[in-house]
Amino acid sequence: QTRAVIISLNLYNGNYNYYCVSQFLIEFTPGGSLVPSATNKIMSLDLYEPADMVRVNTILLRYVPEFLTYLGALAYALNFLYKTYRIRKVTKSFRPLLRDAWNVVDLMMLFMLGITIFLRVSFWLSPERNNFDPFISDRYQEMSGLASQYNYIFTFDAMTVLVLVVKALKYFALQKDLMLLQKTLVQAISDLMTFIAILVFLFFGFIIMGYNIFGMQAAGFKSITDTLGTLFLILLGEFDYEEMRAVHETW
């Protein structure tokens, strides 16, 4: 009557000073199939460590860019607050601020920057990180929570960069041909959104179909998320035909 077997372990690479939290999951389905999966979360417990501050290469490549980013974020926030103050002073309202789409992008940018900085500081101050001792051998130290928190930092970093790329579209107006592209996108945005909505709706139908047909046996379809990734790769021409044929040749 076993539903699943979970094996969890912590690994350490001394050359790079990184930990790896590995978890192996073997699920027993009601139909009698075995569905194996594995997750590996990489992280470094050293963040803003005084011992690293004496190394010139570490300071130049790691700490200087990061602290410059914090200073830039602070200047960005102060500039936005000043702009908000000026709009409020002239118009006696905050509504004109939100009517400009680029101001909304600025708000999103500041929000994402705030989350990334908060996550970094929270990870640095985390009691689990500060109290971790790799030389304790009489008990297992669970690190999955720390690993998830560490990975969230870089997930929000990626989302921040995405917002920054959108913000860069504003400066297309500085060049004539790029400004033409910007105006074309603005005029076509409603049609593009309709097309994207229909595409997502149709694609989701294929996700449900692939998950229902192959999900019990094919590893690439074992969850909705995995099926989405597998079908997206199929759109790009990369797929494991033999894996699907082994489940059902016709489908």
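What counts and what doesn't
- Residues numbered from 1 in each chain as written.
- Predicted model: local features only at pLDDT ≥ 70, side-chain atom pairs only at ≥ 80, totals over all residues.
- Heavy atoms only, no water.
- Helix = DSSP H or I, 4+ residues; strand = E, 2+ residues; numbered from the N terminus.
- Rg over C-alpha atoms; globule rule 2.2 N^0.38 Å.
- Contact = heavy atoms within 4.5 Å.
- Areas by Shrake-Rupley, 256 points an atom, 1.4 Å probe, with all protein chains shown as cover.
- Lys, Arg positive; Asp, Glu negative; His and termini not counted.
- Charge placed at Lys NZ, Arg CZ, Asp CG, Glu CD.
- Salt bridge = Lys/Arg side-chain N within 4 Å of Asp/Glu carboxyl O.
- Buried < 20%, exposed > 50% of the residue type's maximum accessible area, 1.4 Å probe, protein only.
- Core = buried A, V, L, I, M, F, W, Y, C linked by side-chain atoms within 4.5 Å.
- Pairing = 2+ DSSP bridges.

(A) Looking closely at the overall build of the protein. In terms of regular secondary structure, the protein is built from eight helices and three strands. Along its sequence from the N terminus, the protein presents helices and strands in the succession β-β-β-α-α-α-α-α-α-α-α. Taking 251 residues into account, the globule formula puts the C-alpha radius of gyration at 18 Å, and the protein, at 24 Å, lies well above it. Dimensions of the protein along its principal axes, counting C-alpha atoms only, are 70 × 55 × 35 Å. Once local pairs closer than 6 in sequence are excluded, the contacts in the protein between residues at least 24 apart make up 49%. On the protein, roughly 17900 Å² of surface is accessible, and the fraction owed to carbon and sulfur atoms is 67%. Of the charged side chains in the protein, 20 are positive and 20 negative; the average position of the first set lies 18 Å away from that of the second.

(B) Expanded view of the pattern of salt bridges. Overall, the coordinates contain seven salt bridges when judged by the stated rule. Note that Arg120 is salt-bridged to Asp157, the shortest N-O span being 3.0 Å. Of this pair, Arg120 sits in helix H3 (residues 101-125) while Asp157 sits in helix H5 (residues 144-168), placing them 37 residues apart in sequence. Asp157 carries the same exposure label as Arg120, and that label is buried.

(C) Region of interest: the nonpolar core. With 16 residues, the main nonpolar core has Tyr19, Met43, Leu45, Phe123 and Met143 as its most contacted residues. For this core, the secondary-structure elements that each account for two or more residues are strand S2 (18-28), H3 and H5. Among the elements that make up this core, the one with the highest residue count is H5 (four residues). The contacts of Leu45, once residues within four sequence positions are left out, are Tyr19, Phe123, Arg129, Phe132, Met143 and Leu146. Grouped together as the second largest cluster of nonpolar side chains are eight residues, Phe214, Phe221, Leu231 and Val247 included.

(D) Region of interest: the pairing of strand S1 (residues 4-13). As defined by bridge partners, S1 adjoins S2 across ten bridges and the pair is classed as antiparallel. Its bridge partner lying in S2, Ala4 is registered against Glu27.

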